[in-house]
Amino acid sequence: MLRVATLVFCSIFLAGCLGGGTPIMKVVEVRPESVTPEGRRFVIVVDAENPSDAPLPLKDATYSLSIDGKKVFEGQRSPESTLRKFSTNRLYFPVAVPASVSLAGRAEFRANGSVVFLRPGKLNEILYEYGVVRPSTGFDGSGEIDLNQTSAPVSMAN
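Residues numbered from 1 in each chain as written. Predicted model: local features only at pLDDT ≥ 70, side-chain atom pairs only at ≥ 80, totals over all residues. Heavy atoms only, no water.

What to know about the sheet that holds strand β6 (residues 87-98)
Taking strand neighbours across the sheet as the criterion, the three strands line up as β1-β2-β6 in an open arrangement whose pairing is antiparallel. Each having just a single partner strand, β1 (24-36) and β6 make up the two edges of the open sheet. Within the sheet, the average angular offset between the axes of one strand and its neighbour, ignoring direction, is 20°. (Pairing = 2+ DSSP bridges. Helix = DSSP H or I, 4+ residues; strand = E, 2+ residues; numbered from the N terminus. Axes fitted to C-alpha atoms, helices over the stretch in contact; angles between N-to-C directions.)

Structure (structure tokens):
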């Protein structure tokens, strides 16, 4: 049993040390997309930068949107993207808010979440598949949004 525990510990330690960096995520904007009788649709736009010399597949994302301090959406999806080495990709996370949530005028927003990614290397793949190692990185941004507009960029506070 001690041998198995040592092997797992060493594998986790090596996984953290083996190739690949951690992606850097930045909220660029929250964009109002459409308004229907059923509710509103927004898109959280995030720039994902890969500072490493190896591609990083993005696996799962969990994220939320709060408006004027009230959480109006929480969700999960797959980014369906791989960050090429030394590059930045733009990711789009859809948000649906039911019509029962009253939204109007200018408001403060906060968008945040985390993205699970796969570091390069066969050992990392095996550890990921067995659920031993699931590296992730987060994003968080806030700003002001005009809820009376659709498909217009919003200002970001950094």
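Describing the packing of aromatic side chains
Per the stated rule, a full pass over the model turns up three aromatic pairs. Plain terms: the ring middles of Tyr-63 and Phe-73 are 5.6 Å apart, the flat faces sit at 35° to each other, and that makes the pair tilted. With Tyr-63 in strand β3 (residues 56-67) and Phe-73 in strand β4 (residues 70-77), this residue pair connects regions lying 10 residues apart in the sequence. Relative accessible area serves as the criterion here: at 5%, Tyr-63 is assigned to the buried category. Taking the relative accessible area as the measure of exposure, Phe-73 reaches 17% and is therefore buried. Taken together through their ring pairs, the aromatic side chains of Tyr-63, Phe-73, Phe-93 and Phe-139 make up a single cluster. The aromatic ring of Tyr-128 is capped on one face by Arg-134, whose charged end is 4.0 Å from the ring centroid. (Phe/Tyr/Trp six-rings, centres within 6.5 Å; stacked < 30°, edge-to-face > 60°. Buried < 20%, exposed > 50% of the residue type's maximum accessible area, 1.4 Å probe, protein only. Lys NZ or Arg CZ within 6 Å of the ring centre and 35° of its normal.)

Things to note about the nonpolar core
One finds Phe-42, Ile-44, Leu-65, Ile-67, Phe-93 and Phe-139 to be the most contacted residues of the largest nonpolar core, which totals 30 residues. Listing elements by their share of this core, those giving two or more residues are β1, β2 (39-50), β3, β4, β6, β7 (106-117) and β8 (136-146). Among the elements that make up this core, the one with the highest residue count is β3 (six residues). Among all residues touching Leu-65, those that are not within four sequence positions of it are Val-30, Phe-42, Ile-44, Lys-70, Lys-71, Val-72, Phe-73, Val-95, Phe-109, Arg-110 and Ala-111. (Core = buried A, V, L, I, M, F, W, Y, C linked by side-chain atoms within 4.5 Å. Contact = heavy atoms within 4.5 Å.)

Some details on the pairing of β1
Sheet topology places β1 next to β2; 11 bridges connect them, and they run antiparallel. The partner of Thr-36 across the bridge, within β2, is Gly-39.

What about unusual backbone geometry?
For Glu-80, which is not a glycine, the phi torsion comes out positive at approximately 50°. Here Glu-80 lies in the loop between β4 and β5 (81-83). Phi angles above zero are rare outside glycine, and Phe-86 is one such case at about 50°. Relative to the helices and strands, Phe-86 is located in the loop between β5 and β6.

Examining the pattern of salt bridges
In this structure the tally under the stated criterion is nine salt bridges. Residue Asp-140 is joined to Arg-110 by a salt bridge in which the shortest nitrogen-to-oxygen separation is 2.8 Å. Taken together, the positions of Asp-140 in strand β8 and Arg-110 in strand β7 put the pair 30 residues apart, joining distant regions of the chain. For Arg-110, a relative accessible area of 37% gives the class partly exposed. Bridged by salt links that share partners, the residues Glu-29, Arg-31, Glu-33 and Arg-41 form one connected network. (Salt bridge = Lys/Arg side-chain N within 4 Å of Asp/Glu carboxyl O.)

Worth remembering: the numbers are spatial, not functional.
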